[in-house]
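# Coordinates in review
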Amino acid sequence: MSRIRVDELRKVYDVPGGQEVAVNGVNLDIPDTDFLTLLGPSGCGKTTTLRCIAGLETPTDGTVYYDDEDVTPKPAQERDISMVFQEIALYPHMKCIDNIAYPLKVRGVPKEERYERAREVAEVLEVGDLVEKHPAELSGGQRQRIAIARAIVREPRAFLMDEPMTGLDEKLKVIMRKELKRVVEETNQTVVYVTHSQEEAMMLSDHIAVMNDGQIEQVGSPNEVYGEPNNKFVATFVGMPEMNIWSGHVSGETIEVELEDGQLVEFKPRDDATRAKRKDNNSWADRTGDGVEVGFRPQALSIVPEGDGDVTADLKIIEPMGENNLCYLEVDDQEIRVVEEDVTDFDEQTTVGIDINRSHGYVFDGQTGSTIARTGDSPTVEAVESTSGHAATDD
Ligand code: ATP
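Residues numbered from 1 in each chain as written. Predicted model: local features only at pLDDT ≥ 70, side-chain atom pairs only at ≥ 80, totals over all residues. Heavy atoms only, no water.

### Brief notes about the site of the ligand
Lining the immediate environment of the ligand, one finds Y13, V15, E20, A22, P41, S42, G43, C44, G45, K46, T47 and T48. With respect to the ligand, the backbone of G43 contributes an N or O atom lying 2.7 Å from an oxygen atom. Taking K46, its side chain carries an N or O atom lying 2.9 Å from an oxygen atom of the ligand. Notes on the ligand: free accessible area 630 Å², of which the protein chains cover 64%. Residue assignment for the shell around the ligand shows that the elements contributing at least two residues are strand 1 (4-15), strand 2 (18-30) and helix 1 (46-54). Top element by residues in the shell around the ligand is helix 1. It accounts for 3 residues. Classifying every residue of the shell around the ligand gives 5 nonpolar, 5 polar and 2 charged. (Near = heavy atom within 4 Å. Polar contact = N/O pair within 3.5 Å; in protein donor to acceptor, adjacent residues only side chain to side chain. Areas by Shrake-Rupley, 256 points an atom, 1.4 Å probe, with all protein chains shown as cover. Helix = DSSP H or I, 4+ residues; strand = E, 2+ residues; numbered from the N terminus. Nonpolar A, V, L, I, M, F, W, Y, C, P; charged D, E, K, R; others polar.)

### Observations regarding the sheet that holds strand 22 (residues 371-375)
With antiparallel pairing, 7 strands are arranged side by side in an open sheet as 13-12-11-15-21-22-14. Sheet topology places strand 13 (264-267) and strand 14 (269-270) at the edges, where each strand pairs with a single neighbour. Here strand 21 (residues 361-365) pairs with strand 22 via 3 bridges, running antiparallel. Note on strand 22: the bridge partner recorded for Y362 is R374. (Pairing = 2+ DSSP bridges.)

### Focus on the pattern of salt bridges
This model, assessed by the stated rule, comprises 21 salt bridges. With a closest N to O distance of 3.4 Å, R145 and E179 form a salt bridge. One end of the pair, R145, is in helix 4 (residues 140-152); the other, E179, is in helix 5 (residues 170-187), and 34 residues separate them in sequence. Here R145 falls in the buried class, since its relative accessible area comes to 13%. What makes E179 buried here is its relative accessible area of 7%. For the salt bridge of E293 with K232, the shortest nitrogen-to-oxygen distance reads 2.9 Å. A residue pair is termed long-range when its members are at least 10 positions apart, and E293 in strand 15 (residues 291-296) and K232 in helix 8 (residues 232-237) qualify at 61 residues. Several salt bridges share partner residues, and in doing so they unite D67, E69, K74 and R157 into one network. (Salt bridge = Lys/Arg side-chain N within 4 Å of Asp/Glu carboxyl O. Buried < 20%, exposed > 50% of the residue type's maximum accessible area, 1.4 Å probe, protein only.)

### A word on the packing of aromatic side chains
Counted under the stated rule, the structure contains 6 aromatic pairs. When the ring of Y362 is compared with that of F364, the centres are 6.4 Å apart and the planes differ by 5°; the resulting orientation is stacked. Here Y362 and F364 have matching classes, each one buried. Across the ring face of Y65, the terminal group of R5 is positioned such that the distance to the ring centre comes to 4.3 Å. Over the ring of Y226 we find R297; its NZ or CZ atom is 4.0 Å from the centre of that ring. (Phe/Tyr/Trp six-rings, centres within 6.5 Å; stacked < 30°, edge-to-face > 60°. Lys NZ or Arg CZ within 6 Å of the ring centre and 35° of its normal.)

### What about the sheet that holds strand 9 (residues 207-212)?
Reading across the sheet, the 6 strands line up as 6-7-8-3-9-10 and stay open at both edges, with mixed pairing between neighbours. Only two strands of the sheet have a single neighbouring strand rather than two, namely strand 6 (81-85) and strand 10 (215-220). Going from strand to strand, the sheet's axes swing by 15° on average, the running direction of each strand aside. Here strand 3 (residues 35-39) runs beside strand 9; their pairing, made up of 4 bridges, is parallel. Residue pairing for strand 9: L38 is matched across the bridge by A209. (Axes fitted to C-alpha atoms, helices over the stretch in contact; angles between N-to-C directions.)

### Considering the packing of helix 4 against helix 5
Where helix 4 contacts helix 5, the axes come no closer than 11 Å and their chain directions differ by 15°. Classified by the angle between their axes, helix 4 and helix 5 sit roughly parallel to one another. In the crossing of helix 4 with helix 5, the sense of the turn from one axis to the other is right-handed. Residue-level inspection shows G141, Q144, R145, I148 and I152 of helix 4 in contact with helix 5, the latter providing L172, I175, M176, E179, L180 and V183. Residues of the contact of helix 4 with helix 5, tallied by class, amount to 7 nonpolar, 2 polar and 2 charged. (Parallel < 35°, antiparallel > 145°, perpendicular 65-115°, else oblique. Left-handed = near helix turned anticlockwise from the far one by under 90°. Contact = heavy atoms within 4.5 Å.)

Okay, here's the thing in structure tokens:
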């Protein structure tokens, strides 16, 4: 197990008619035994970053370290890592036990020892009773477990996985996530994991690196990237359903948001939690006229009877999501998403009010998208996180 560091990584591909910058200045410091997930939309550079860490791609610029060793020039087979990819690549002519034991055979481990170890990891992954079968006789989920068993059968310096759950059905994904987390914890692996599924990232990771357009927007624990996003990209990419974003501007000590039908909503910025991260130290009065965007997660809004709350909107669709309902509302053509537990008092195609829990909002710089404040009066982020319910108290 190793600490992995990536320093100013860049990868540029020559493509017909020009160049494709896949990774553009990525820095990472992944502690030993950490589970770090690269999360981001399709094409943002996750796989390329992982392949450079693995030694399957040569960086255009930058350095990859395992502990203090510069491994950048080393090919993958000399890096002592294990990999699991989306496509499960088991040897079809070998029994599963032989597949699992194979990496030990390559390293010259005596026969008895390697089969003993292979049986041990098969038990850990609860496929002990399947190991005498051939891969073709197993389901997709069982094959995936055999592939993971093969990857962890020895103690590599790191465990690299690229979308290993793709192709499994939803129920199996949930089971596999739990198993993977348990196995990784039991075996103390350093893991770098690639996914575009935030659910997977949230459940599995110690840290998440949110990527966008070849760069890292934020590295933090799942709670940090969800609760303290650095910018609008992270705020809207992490969290389901997507955060509502409204345009506004600074007016003295207040932020004014004008919705599409002209309704005006005012917020008080609370910048103590983000001031330390800001480069400038301008007061809100100095910023008067500056464009901002205000973000509220659908969970921070609630539906109330028409005439109550902060905003009047048309309730268009109620989509049951199990314990909660995802409600789509409209103010002219502007969509507002609200998550509501109890919708028995409300009907689709009626006019309702929206109550805003002001202590749960985010203010983003209108130009850079950086988080420049939270809304509300509470003095600390901790106080905001511990606030529950929908009451709007500070206006
Ligand atoms: P996905 O989730 O869709 O797999 P990703 O975030 O893993 O996406 P990458 O596969 O790393 O993204 O690709 C980043 C960018 O680099 C994309 O625009 C992709 O088209 C480009 N790219 C990746 N590999 C190559 C290659 N071998 N040649 C040219 N361009 C490439």
